[in-house]
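Each chain, written out:
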Number of protein chains: 2
Amino acid sequence: MTDRKNRTRQNLLDSAAVLFTEKGYAGTSVAEICDSARANIASVNYHFGSKEALYRSVIGYTYDQANTLYPLDAGEKMSSEEKFYCFILAFLKRILSTSMTGNFYKLVAKEMAEPTRESGTLINEIISAKRAKIEKLIRDIHDEDIDEETVVRMTHSIVSQCLFLGLNEKGRRHHLKRKPVRFEDVESFARHITDFSLAGIKYYRKFTL
Amino acid sequence: MTDRKNRTRQNLLDSAAVLFTEKGYAGTSVAEICDSARANIASVNYHFGSKEALYRSVIGYTYDQANTLYPLDAGEKMSSEEKFYCFILAFLKRILSTSMTGNFYKLVAKEMAEPTRESGTLINEIISAKRAKIEKLIRDIHDEDIDEETVVRMTHSIVSQCLFLGLNEKGRRHHLKRKPVRFEDVESFARHITDFSLAGIKYYRKFTL
DNA sequence: GCATATTTTAAACAATCATTTAAAATAAGC
DNA sequence: GCTTATTTTAAATGATTGTTTAAAATATGC
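This report concerns the structure included in the present document.

1. Some thoughts on the interface of chain B and chain A
Now for step 1: Taken together, the contacts link 50 residues of chain B with 50 residues of chain A.
Now for step 2: Interface area for chain B against chain A, summed over the two sides, is near 4500 Å², with a carbon-plus-sulfur share of 61%.
Now for step 3: Together, R153, F164 and F196 of chain B form the three largest contributors to the area buried by chain B at its contact with chain A, with a combined 17%.
Now for step 4: Counting across the chain B and chain A interface gives zero salt bridges.
Now for step 5: Our count for the contact surface shared by chain B and chain A stands at 14 residue pairs in polar contact (both at pLDDT 80 or more).
Now for step 6: When grouped by side-chain class, the residues that make up the side of chain B that touches chain A number 20 nonpolar, 15 polar and 15 charged.

2. So, the pattern of salt bridges
Residues and elements named next belong to chain A.
Now for step 1: Here the structure, examined in full by the defined rule, presents 16 salt bridges over all chains.
Now for step 2: Note that K136 and D140 form a salt bridge whose closest N and O atoms lie 3.7 Å from each other. On the criterion of helical spacing, the pair formed by K136 and D140 is a turn pair, its members being four residues apart in helix α7 (residues 119-142).

3. A few points about the relation of the copies chain B and chain A
Now for step 1: Least-squares fitting of chain B to chain A yields an RMSD of 0.0 Å, with the superposition described by an axial translation of 0.0 Å and a rotation of 180°. On the angle and the small slide along the axis, the relation comes out as a two-fold axis.
Now for step 2: An overlap of 100% is found between the interface residues of chain B and their copies at the interface of chain A, pointing to a shared contact surface.

Cut-offs applied
- Residues numbered from 1 in each chain as written.
- Chains lettered and ligands numbered in written order.
- Predicted model: local features only at pLDDT ≥ 70, side-chain atom pairs only at ≥ 80, totals over all residues.
- Heavy atoms only, no water.
- Contact = heavy atoms within 4.5 Å.
- Buried area = accessible area lost by both parts, 1.4 Å probe.
- Salt bridge = Lys/Arg side-chain N within 4 Å of Asp/Glu carboxyl O.
- Polar contact = N/O pair within 3.5 Å; in protein donor to acceptor, adjacent residues only side chain to side chain.
- Nonpolar A, V, L, I, M, F, W, Y, C, P; charged D, E, K, R; others polar.
- Helix = DSSP H or I, 4+ residues; strand = E, 2+ residues; numbered from the N terminus.
- Least-squares fit on C-alpha atoms with pLDDT ≥ 70 in both.

Here you go:
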């Protein structure tokens, strides 16, 4: 049966997700992944074809996990400001999650700082989609006509506050003065980003009125 | 004379700064650096001792350039809000600079996403210093007593908006939908971050009054 | 239970990496 | 101008990289 095959395949996926997140694509060797997954050195090429293909699979795998675990689309009955908070909360949950889900946005942060050859486009597609969602939320809150440029800049301000949390890396934790944001803080931190950003969004409303 | 020595040393420094910024530490080979600097393959070890020592030299070199070119401490005669704007402006100039100066904060962004073994502490020292400056600016603007936790979070919101601009990497520019922030936009973008953040800072003032 | 297909294994592969070596080239001191 | 010190060069080193190979082990179909 294919149970045996699937098990090692899954082990490779899990080990690779952790290692790539911790040490990056270039910093992680195939041998290391196979050791961690208790699989043979040749198994990566047998199951995925190459290290790069494994990496792409990890991206897709962690992304799917994030989507199913923390969906970003809130209910319809909410006010636009409540929708905004729910989006930020779900987004932060994804980023700060310590499980497989959290690995994805840490990989995104890595890709943004140092893109690998082929996955750059995929990451950009995903981030573009997130930006579009935020732009829509901003326009809903603003309620007035607002120029494209201003929306793009406000979106930058919001996206950066969230994704920046994905940079707090294990390797840096040791000599980090400030204590990192933990998953337990996710609600209150989402509250902060929401309030801080809503004040900024509303600031621009003065000029269009 | 040592003129010949200094020239190749400087060429190595310049080439390494560009290559490390573009492709990261692990992604750049010593051979590549020497080719770009038109120097022999052994010159890196002769002049710096090792690839890692060269990397540390690049960090220090670009950091010094940033400090002398765009000092962060504004004049004393300004209001606290003007000081805040001047800080953000100088900070953005450093990050968006296309010369050697700009390379430093792009390296910082890389280090935050994927720290290398030894330079992590240095980078953390530098970023901690920037955070401290921003915390002081926030307290000056706020003018009232404000709890440590809130200041830390507001500082995160501000730092992230700035440093996130260092992530817009050359390698990713090709398939980037949104047009990157250019150095020509630095004043108006600094204006945006200032206004957006001041609104957020003032929002919290409501509760302490 | 035997023949076939699938998965795992150990070994070897060629390429690349940072670094070292020792000789050659150039500069400096006097 | 000759000796000494410094810098550059080309070649080799040993370690590590991702990938391939072919045999061994295991599962599957009937």
